[in-house]
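# Understanding the architecture of this molecule
The lines below spell out each chain.
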Amino acid sequence: MSRIQTTFTTLKQQGRKALIPYVTAGFPYADITPALMHGMVAAGADVIELGVPFSDPNADGPVIQQAGERALALGVGLAKVLGMVQTFRAQDQQTPVVLMGYANPVERYDQKHGAGSFIRDAAAAGVDGLLIVDYPPEECADFAAALKNAGLDLIFLLAPTSTEARMQQVAQMASGYVYYVSLKGVTGAASLNTAEVQAALPRIRQHVHIPVGVGFGIRDADTARAIGEVADAVVIGSRLIQVIENQPPEGVVAAAQDFLRPIRAALDGPAPTVAS
C-alpha cells in the first residue's frame, strides 16, 4: 500500500478529511521548500502537492504562473525539485508528496538522463504520486504502468465538463486519489459554487472508487469546510501562494502555518449550526 493509500485509509478510519496544500517548488525562495513542507505538515497537512515550475502552464491562473516564473528565474528545475523531496524525506517518511506539473519537464528529463530516468529518480527521491495535467488517460497507459511498477500513484483531473466516458477512463487508470477541478477555469478563480460541487461528487463516485479531492477556488476555512462535507480531500494552492509570496525568508513558514491551521480546524470541527 502506497503512502497516499495509507494516509487516506487512516483518515477514513478517523472520520477526517485530507488537507492538501499546494506550493510551487522553489517559491518564494529557492531553498525554502523543504522547510515549508515540514511546516505545513506541522500545521495539519496530510498530503503535499509540490508544483514543478514550467514556463507554459495551461491550467494555472496568474498567481501560480507568476510563482512558477519566479522559481524558474531562481534556477529551479525538475532535478532540483527531486532534490527538495529527497531533503524532506530525510526527516519525514510518512507524509505523501505529489508532484503536479506538465509533460514537458518530465519528457525533457528523460531526454537528458535516459529513458525511464524520471520515474526511477522520482521514486528514489521519495515522491509518492504524479499529477501531469496534460497526460490524459488515453495517451499515458505505458507511463501509468511504469509508475505502478515503481510504486507511484498516477492522479488525474476531472472537471465539471467531464463526461461519463471520461470518468470511466480515469477510474480505470487512476490511483491514490482523483482531483476534481471545482470550476470551469484556471487555478485561483474566486467563483466557487459549493452547491454545484456537492451535487457533482455523487455522480463522480458512481465511477470512481478511490478518494476524491477537490481544488481550484478554495480560499478559506468556510469553503474548505463546505467542500470537506462531501469530498475526501480539500486542495488549496493559489491563496496559499498569495499568503507567502511577499514574506521575508524567515516569515514564510509561519505565514503558511497561520493560514493552514484554521482550515485544518474547520475540516476537523463539527459542522456549524444554523440558527432557527
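Residues numbered from 1 in each chain as written. Predicted model: local features only at pLDDT ≥ 70, side-chain atom pairs only at ≥ 80, totals over all residues. Heavy atoms only, no water.

Another aspect to go through is the UniProt feature "active site" (unreviewed entry) in the protein. Feature annotation in UniProt places "active site" (unreviewed entry) on Glu49 and Asp60, given in this structure's numbering. Among the structural elements, Glu49 can be located in strand β2 (residues 48-51). Here Glu49 falls in the buried class, since its relative accessible area comes to 0%. Excluding anything up to four places from it in sequence, Glu49 contacts Ile20, Pro21, Tyr22, Val23, Val98, Met100, Tyr177, Tyr179 and Val235. Mapped onto the fold, Asp60 is located in the loop between β2 and α3 (62-73). (UniProt positions renumbered as here; feature names shortened; annotations may be inferred. Helix = DSSP H or I, 4+ residues; strand = E, 2+ residues; numbered from the N terminus. Buried < 20%, exposed > 50% of the residue type's maximum accessible area, 1.4 Å probe, protein only. Contact = heavy atoms within 4.5 Å.)

It is worth spelling out the pattern of salt bridges at this point. In total, this model carries 10 salt bridges according to the counting rule given. A salt bridge links Asp128 to Arg3; the nearest nitrogen and oxygen atoms lie 2.7 Å apart. Taken together, the residues span a long stretch of sequence, with Asp128 in the loop between α6 (117-125) and β4 (129-132) and Arg3 in helix α1 (residues 3-14) at a distance of 125 residues. Classification of Arg3 by relative accessible area gives partly exposed; the value is 24%. A salt bridge links Asp268 to Arg264, with the nearest nitrogen and oxygen atoms 2.9 Å apart. Here Asp268 and its partner Arg264 are both found in helix α12 (residues 252-268), 4 residues apart, which amounts to about one turn of the helix. (Salt bridge = Lys/Arg side-chain N within 4 Å of Asp/Glu carboxyl O.)

Burial of β2 is two-sided: the residues Ile48 and Leu50 facing one way and the residues Glu49 and Gly51 facing the other way are all buried. Pairing analysis gives 3 bridges linking strand β1 (residues 18-24) to β2, with the strands arranged parallel. Directly across from Thr24, in β2, lies its bridge partner Gly51. Two elements, β2 and strand β3 (residues 97-101), share 4 bridges in a ladder whose sense is parallel. (Pairing = 2+ DSSP bridges.)

Tracing the chain through its elements places Thr7 in helix α1. For Thr7, the side chain forms a polar contact with the main-chain oxygen of Arg3, separated by 2.9 Å. With near-sequence residues (within four places) excluded, Thr7 lies in contact with Asp46, Val47, Gln94 and Pro96. (Polar contact = N/O pair within 3.5 Å; in protein donor to acceptor, adjacent residues only side chain to side chain.)

Mapped onto the elements of the fold, Ser2 is located in the segment before α1. For Ser2, the contacting residues outside a window of four places in its chain are Gly151 and Asp153.

What follows deals with the environment of Thr87. Tracing the sequence through the fold places Thr87 in helix α4 (residues 78-89). The class of Thr87 is partly exposed, set by a relative accessible area of 45%. C-alpha of Thr87 to C-alpha of Ala35: the two residues are 52 residues apart in sequence and 9.3 Å apart in space.

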